[in-house]
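Topology and contacts: notes
The primary structure of each chain is shown beneath.
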Amino acid sequence: MAWQKHDMEFLGGRRLRRPRMAGWSRDLVRETTLTPHDFIWPLFVVEGQNERQPVASMPGVERLSIDLAVQAAKDAHAEGIPALALFPNTDPSKRTEDGHEATNRDNLVCRALSAIKDAVPEIGLVADVALDPYTSHGHDGVMAGEEILNDETVAILVQQALVQARSGADVIAPSDMMDGRIAAIRQALDDEGMEKTIVLSYAAKYASAFYGPFREAVGSGARLKGSKLTYQMDPANAEDAIREVEQDLAEGADWIMVKPGMLYLDICRMLKDRFDVPLFAYQISGEYSMISIAAQAGALDRDAAMAESLLAFKRAGCSGILTYFALDMARKLNA
Ligand code: PBG
């Protein structure tokens with residue numbers, strides 16, 4: 001039987017397409033928006049001068065020497081991006097079993113932090129705490145045989161956090177997933193008079209297959225022996241994320257992060273509904289590359305896919321997103 005106009009009675013006269021018909025009404029009722037203030041831009045740094053190295057698995061992403069990273073920071077600040085997250089590609093000669101280069105006050109990331117802080121003091125700087133860019137085996141902690149040692153690693157991470165904070169990091173972001181590191185780092189920062197330094201915990205960090213391109217970018221991938229399943233979370237688990245966040249907040253974390261992002265938006269929403277703290281998500285390297293490489297192959301419109309993927313994080317309740325698209329997206333939003 002043909003649809004009759006009076007059947008609308010069953011819908012109470014409501015037509016959900018009505019506000020979708022014009023741009024002005026779509027603009028009026030939109031629930032979430034993106035602004036350049038939503039982004040933290042991850043940058044990869046290398047030694048050298050005027051050095052720019054494309055990361056093959058991440059089209060559009062380059063490792064930059066410190067001078068160029070300073071320029072990138074100026075560009076980001078000009079577009080309204082509030083913060084950068086720095087990751088070093090450490091020279092192979094400085095990668096050791098115990099990753100002690102991580103605690104060197106003069107290491108690459110510390111020099112990059114101070115150079116950027118000097119040149120662009122207004123931009124927030126996030127420093128990653130974990131040993132993987134510094135270890136010969138590519139793990140985030142120190143090892144005994146096959147085992148990643150928890151408490152021995154935490155002792156080194158504390159020293160790493162202190163050199164980063166002293167070099168100008170505003171936010172210390174432990175991504176290592178050792179137990180107890182938030183409390184240990186918070187205590188050490190306070191003892192050293194750095195009680196203003198923010199701690200952003202990668203609280204719910206999953207052992208993901210999508211970190212591959214990042215590991216190429218920092219040069220840890222080819223070295224990595226075995227998996228990170230004994231410290232990063234099992235992708236099958238949601239409740240474990242609640243326990244991780246409860247624990248990290250109890251230990252003094254200011255902000256929390258979910259990582260990866262796009263595949264874990266259910267975790268973002270669940271945590272947002274449960275905990276009253278700023279929530280961040282990391283649209284990780286593999287998620288960036290899926291979109292970028294599909295766009296290069298002509299399968300997706302890059303700009304539209306980028307915008308939609310980032311909006312999804314806001315809809316899921318995130319305050320901010322770590323994304324390699326940050327500068328591109330900010331430029332589009334400001335255009
Ligand atoms: C390491 C670290 C990783 C990322 C950020 N910090 C990789 C890993 O845990 O192996 C991944 C980010 C990305 O994939 O973009 N502590």
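Above this text is the structure in question.
Now for a quick tour of the structure. Here the structure is a predicted model, which is why all the values come from computation and not from measurement.

Now for empty space enclosed by the protein. Considering all chains together, one arrives at 3 cavities of 30 Å³ or more under this definition. By volume, the largest cavity is sized at about 120 Å³. Contributing to the lining of the largest cavity are 15 residues, with Asp132, Lys205, Tyr211, Phe214 and Lys259 lying nearest its centre. Elements with a contribution of two residues or more to the lining of the largest cavity: strand 9 (198-205) and helix 6 (212-218). Across the lining of the largest cavity, the residue classes tally to 7 nonpolar, 2 polar and 6 charged. Put simply, the second largest cavity is a space of about 60 Å³. Taken together, Glu47, Pro88, Thr90, Asp91, Lys94, Glu101, Asn107, Leu108, Arg111 and Tyr134 make up the full set of residues lining the second largest cavity. When grouped by side-chain class, the residues that make up the lining of the second largest cavity number 3 nonpolar, 2 polar and 5 charged.

Glancing now at the environment of Leu34. Topologically, Leu34 is positioned in the loop between helix 1 (23-29) and strand 1 (39-46). Distance from Leu34 to Phe313, taken between C-alpha atoms, is 9.5 Å for residues 279 residues apart in sequence.

This brings us to the site of the ligand. Not every one of the 17 residues close to the ligand is listed here, only the nearest: Lys205, Lys228, Lys259, Ser285 and Tyr324. Within the backbone of Ser285, a nitrogen or oxygen atom sits 2.7 Å from an oxygen atom of the ligand. Contact with the protein chains covers 100% of the free accessible surface of the ligand, which is 400 Å². Within the shell around the ligand, the residues separate by chemical class into 7 nonpolar, 3 polar and 7 charged.

One pass over the full model with this rule turns up 11 aromatic pairs. A centroid spacing of 5.8 Å and a plane angle of 65 degrees characterise the contact between Tyr288 and Tyr324, whose relative ring orientation is edge-to-face. Of this pair, Tyr288 sits in helix 9 (residues 285-296) while Tyr324 sits in the loop between strand 12 (320-323) and helix 11 (326-334), and the two are 36 residues apart along the sequence. Tyr324 carries the same exposure label as Tyr288, and that label is buried. Through a chain of ring-to-ring contacts, the aromatic side chains of Phe44, Phe87, Tyr202, Phe214, Tyr282, Tyr288, Tyr324 and Phe325 assemble into a single cluster. Cation over ring: Lys205 sits above Tyr211, and NZ or CZ is 5.4 Å from the ring centre. Between the NZ or CZ atom of Lys259 and the centre of the ring of Tyr211, over which it lies, the distance is 5.0 Å.

The rules behind the values
- Residues numbered from 1 in each chain as written.
- Predicted model: local features only at pLDDT ≥ 70, side-chain atom pairs only at ≥ 80, totals over all residues.
- Heavy atoms only, no water.
- 1 Å grid on protein atoms, 1.4 Å probe; cavity = no way out; pocket = protein on both sides within 12 Å on 5 of 7 lines; lining within 4 Å.
- Points joined across faces, edges and corners; volume = space filled by probe spheres on them.
- Helix = DSSP H or I, 4+ residues; strand = E, 2+ residues; numbered from the N terminus.
- Nonpolar A, V, L, I, M, F, W, Y, C, P; charged D, E, K, R; others polar.
- Near = heavy atom within 4 Å.
- Polar contact = N/O pair within 3.5 Å; in protein donor to acceptor, adjacent residues only side chain to side chain.
- Areas by Shrake-Rupley, 256 points an atom, 1.4 Å probe, with all protein chains shown as cover.
- Phe/Tyr/Trp six-rings, centres within 6.5 Å; stacked < 30°, edge-to-face > 60°.
- Buried < 20%, exposed > 50% of the residue type's maximum accessible area, 1.4 Å probe, protein only.
- Lys NZ or Arg CZ within 6 Å of the ring centre and 35° of its normal.

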